[in-house]
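Chain by chain, the residues:
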Amino acid sequence: MAVASSSSGAAASHPRPRSGAEIREAFLAFYEQRGHRRLPSSSLVPDDPTVLLTIAGMLPFKPVFLGQAERPAARATTAQKCIRTNDIENVGRTARHHTFFEMLGNFSFGDYFKAEAISWAWELCTKEFGLDPGRLVVSVFRDDDEAETIWRDAIGVDPNRIIRMDEADNFWVSGPTGPCGPCSEIYYDFHPERGDAAIELDDDSRFIEFYNLVFMQSNRDAAGTLTPLANRNIDTGMGLERMAQILQGVPNNYETDLIFPLIETAAALAGVDYHQLDAKRQTSLKLIGDHSRAITQLIGDGVTASNLGRGYILRRLLRRVVRHGRLLGIEQPFLAAMGAAAISLMAPAYPQLLERRDLITAELVREEARFLETLERGEKLLSELLAASPSRISGAQAFELYDTFGFPLELTEEIAAEHGLTVDLEGFEAAMVAQRQRAKAAAVSLDLTLQGAIEAIGSELPDTHFNGYDGLDHPSQVIALVTNGEPASQAVAGDSVQVVLDVTPFYGESGGQIGDRGLLTEEGSGSADPGPDPSPDHSLDPGPDQGADHGLIVRIESVAKNRKLFVHHGRIERGRLCLGDRVLARVDRACRRRAQAHHTATHLLQAALKQVVDPAIAQAGSLVDFDRLRFDFHCPRAVTPAELERIEALINGWIADAHELEVQEMELERARSAGAVAMFGEKYDARVRVVDVPGVSMELCGGTHVANTAEIGLFKITSEVGVAAGVRRIEAVAGPAVLAYLNARDAVVKQLGERFKAQPGEIVARVAALQEELKANGKALAEARGELALAKAAALLGQAEPVGEFQLLVARLDGVDAGPLQTVSQQLQERLGGGAAVLLGGVPDPGEADKLSLVAAFGQQVIARGPKAGVFIGTIARLCGGGGGGRPNLAQAGGRDAAALDGALAEARSTLKALLGESGGQPEGQEAR
């Protein structure tokens, strides 16, 4: 089809969409009509632990593309909300940088591929959206001939408007290894009158890239080798804001109906007219409009402001909005108004914002109030520093702004840059390190909540009294409460909370043992045993006595400990919790029993290692979990299988002996004199707790343990590996966890028995026999292929053709492995003589069309004329997407494109004829080596 170059173009047969909502709906409906399943946007908080936020439309489907999850459908289409802050300094300054944006996408999971993706993209742009084809330019990856052919021949795009680009721009990767593939992007040309000569797509004043098509067709291994994927995928992304700018005819994304209403709201609050402002103040309004969308969506998806991770990103964006509002003259709190405007604007597409309106507003009000308390003093100090500093803000000054006034470092950098100054980042980091060291020395650093609230009040709280050695439930009083990262006087159902009690039976994570789980309920609600619960997470059933709707239930998921302050992390499932409340703290007995079994087993393991392997073995770390134990120890060699068997037998013997544990507190020196084992480098108080298994083990330990080794039941080592130079690791299970481990192993044995039709005791012999049979068959197959290759070779001698004084044989020989192919080539060359040039190529296995072999064998007279096998074979292999080399007389190469093999062999024949011709001259571009 031909592409029109006039502005009339391929106009839409119906009114083209113009508003952001119309564009979004038109895109989704277009692909729905073509068999795509419309899926809702995923949360901005992704399931992927490798990223903080959803940064691309394809991110929710990453497990599908990696083969880790089932595809939701063969074809899908979404409008995905995204957040990116890697180039936050450009927000408001360029025409199209944003923190929050919407990515419209269509996806194929092993269904259609390039031809359909390109055809539909063009139809969508030119017919549905009515874009003038003469204003569109497409880019393709430099090596993607297929995509260029489709654009040029099937779609009809002018070749002058198809631009090849390098890997940095037009090749998508999922990481260092894994699925990858070339991209093809569609650009809109704002100035087609400038012509097609020397098009530079990096010219932002002329072009905007609005639609990216990713052809996920290869897998890249650790060596960088690309192999075709069995199931090829399509992943596309169209920027909604960018398409809105194009269709609405505005100079930048901010002036579209997706953002400009928020700019107008901020302008009204500031009492200004956006269009009458200078560029600097327009930038502030653009930033407020952009960030208001981002913070509203983040809070709506459950992010709360804090000093780490997603919370820090939210806090940073919130404070940038407040600061730029003040630059515009907005002195009063205004985030709630911006949040309300953002909800109103985006709720038609994201109705959950209406459901969470109160939560969003509360978080905006709370965080703005917190920042405004210190902002005025901080801004005054910063103004003084800016006036007094000729070139830069020192690291100490930047740290004071951060530590005392809550100024994020990036905000100080931004303000300083506006005044032509820099910030001493190395000095800032040094001040941060010094502060951490001072906090550690003073023992007031209580980084327990990961949000900083406990740190602020921790020094004012009394030590938590732990009485969990003697009982698993106890009445307590709430002396500190944190919710949403802030100290609070009360919290309600649904809130995540951190609670500090005056007395607790909950063990706080320390000494390698994880913290307890359990419940906080109303005092006087009964102390019935809350466990065990057979569910995998050992969660507690609050019990029948907790059935009243008004009853308090706080499910404690973990307990952290810093010095002697215990912080209970959990979630309120029912009722209201207030500061000062009396509660009943109840530890999950099933979880505690499992932890106790693993902790005592860890002591027995260290004693057994000393007895069996080396008395000098020392602990290097440990983990005591409900479901397993891990013990790291210093040892220069691996523990042998025989030693592991002895260790297991020794420990299970101690368990069967039913040793009563003796636990007592004593002076540190007395404990050491008695032979108690202490962990190297650990600091202990003058008075310590000693856990003694008489005649077996004596250690300094604050953890929880069984009363008698018989309570452990069984002990089983699951692995022994090296984790660092001179450090080994043993993982094991004990107590009830052994049954789960054995059940899993038993299921595997049963499956293998059914597969091999063998009894459990016969499986090993059956597998060994199959391995020997496979080895023998492989050897026989290799021999047969070698004989076949030799037989085929004899027939090839007649295909040799004379070229002057030389003999040339270039042929295809499929079904022969690389080794035999080399042998055949060498034998053919020797039979044809020193003036022979032999080059053979073929696909060893018809089932692997992406793997081919090439071999060149040149006689001495050929080498004297100029061609060298090692150099020549590499040139030919590149025509097949591969490479290789070798000696001047014999060389081997591989390739990945079997479809290109015949052409490559023809090229080899033609080139060798020219090189070996009677004139002995070199064809243009061919260097004799």
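Residues numbered from 1 in each chain as written. Predicted model: local features only at pLDDT ≥ 70, side-chain atom pairs only at ≥ 80, totals over all residues. Heavy atoms only, no water.

Please clarify how the overall build of the protein should be interpreted in this entry.
Across its full length, the protein carries 25 helices and 35 strands. For the protein, the share of sequence-separated contacts (at least 6 apart) that also reach a separation of at least 24 residues comes to 68%. Counting only carbon and sulfur atoms, one obtains 50% of the accessible surface of the protein, whose full area is about 41,700 Å². (Helix = DSSP H or I, 4+ residues; strand = E, 2+ residues; numbered from the N terminus. Contact = heavy atoms within 4.5 Å. Areas by Shrake-Rupley, 256 points an atom, 1.4 Å probe, with all protein chains shown as cover.)

What should I look at first to understand the pattern of salt bridges in this one?
Side chains that differ in sign of charge can pair as their charged atoms come close. One pass over the structure, following the stated rule, counts 46 salt bridges. Arg 194 serves as the salt-bridge partner of Asp 203, at 3.6 Å between the closest nitrogen and oxygen. Given a relative accessible area of 26%, Asp 203 falls into the partly exposed group. Between Asp 746 and Lys 750 there is a salt bridge, with the nearest N and O atoms lying 3.3 Å from each other. With a gap of four residues between them, Asp 746 and Lys 750 both fall in helix H20 (residues 736-756), about one helical turn apart. Using a relative accessible area of 51% as the deciding quantity, one classes Lys 750 as exposed. Taken together, the shared-partner salt bridges in this structure form one network comprising Arg 161, Asp 189, Asp 196 and Arg 206. (Salt bridge = Lys/Arg side-chain N within 4 Å of Asp/Glu carboxyl O. Buried < 20%, exposed > 50% of the residue type's maximum accessible area, 1.4 Å probe, protein only.)

Would you take a moment to explain the side chain of Glu 643 for this structure?
By the secondary structure assignment, Glu 643 is in helix H18 (residues 641-656). Look at Glu 643 and you get buried, because its relative accessible area is 12%. Within the local environment of Glu 643, its side chain forms a polar contact with the side chain of Arg 637, the two groups lying 2.8 Å apart. In this structure, Glu 643 is in contact with Val 612, Val 613, Arg 637 and Ala 638, ignoring residues within four places of it in sequence. (Polar contact = N/O pair within 3.5 Å; in protein donor to acceptor, adjacent residues only side chain to side chain.)

Quick question: what am I supposed to make of the packing of helix H1 (residues 20-32) against helix H6 (residues 240-248) here?
Packed helices, taken two at a time, are described by their axes: the angle between them and the distance between them. Between H1 and H6, whose axes approach to 10 Å, the crossing angle comes to 115 degrees. In the packing of H1 onto H6, the handedness of the crossing is right-handed. In contact with Gly 20, Ile 23 and Arg 24 of H1, H6 contributes Leu 240, Met 243, Ala 244, Leu 247 and Gln 248. When grouped by side-chain class, the residues that make up the contact of H1 with H6 number five nonpolar, two polar and one charged. (Axes fitted to C-alpha atoms, helices over the stretch in contact; angles between N-to-C directions. Left-handed = near helix turned anticlockwise from the far one by under 90°. Nonpolar A, V, L, I, M, F, W, Y, C, P; charged D, E, K, R; others polar.)

I keep staring at the pairing of strand E23 (residues 619-624) and nothing clicks. Help me out?
Working note: regular strand, side chains alternate between the two faces of the sheet. Taken across its six residues, E23 has five buried, putting it largely inside the fold. Strand direction decides the pairing type here: E23 and strand E24 (residues 629-634), joined by five bridges, are antiparallel. Across the sheet, residue Gly 621 finds its bridge partner in E24, namely Asp 632. Counted between consecutive antiparallel strands, the loop separating E23 from E24 contains four residues. (Pairing = 2+ DSSP bridges.)

Could you clarify how one ought to interpret the environment of Gly 815 in this entry?
Counting through the fold element by element, Gly 815 comes out in the loop between strand E31 (806-812) and helix H22 (818-832). When residues no more than four places from it in sequence are discounted, the contact partners of Gly 815 are Arg 785, Val 843 and Pro 844.

Teacher, can you tell me more about the sheet that holds strand E26 (residues 687-693) here?
The pairing of strands in a sheet comes from backbone hydrogen bonds and takes either a parallel or an antiparallel form. Strands sit in the order E25-E26-E27 across an open sheet of three strands; the sheet is antiparallel. Because the sheet does not close on itself, it has two edges, and the strands there are strand E25 (662-667) and strand E27 (697-700). The mean angle between the axes of side-by-side strands here comes to 25 degrees, regardless of whether they run parallel or antiparallel. Where E25 lies against E26, six bridges are found, and the strand directions are antiparallel. Counterpart to Glu 667 in the pairing with E26 is Arg 687. Packing of helix H17 (residues 589-612) onto the sheet brings it into contact with E26 and E27, and relative to E27 it is tilted by some 120 degrees.

Can you help me understand the packing of aromatic side chains in this one?
Pairs of aromatic rings are described using the distance from one ring centre to the other and the angle between the two planes. Following the criterion strictly, the structure yields 19 aromatic pairs and no others. Between Phe 27 and Tyr 211 the ring centres are 6.1 Å apart and the planes differ by 65 degrees, which places this aromatic pair in the edge-to-face class. Within this pair, whereas Phe 27 is found in helix H1, its partner Tyr 211 is found in strand E8 (residues 207-220), the two being separated by 184 residues in sequence. As far as burial versus exposure is concerned, Phe 27 and Tyr 211 are alike and both buried. Feature note: the residues Phe 27, Phe 30, Tyr 31 and Tyr 211 constitute an aromatic cluster, connected by ring pairs. The positively charged end of Arg 34 is found above the aromatic ring belonging to Phe 30, 3.6 Å away from the centroid. (Phe/Tyr/Trp six-rings, centres within 6.5 Å; stacked < 30°, edge-to-face > 60°. Lys NZ or Arg CZ within 6 Å of the ring centre and 35° of its normal.)

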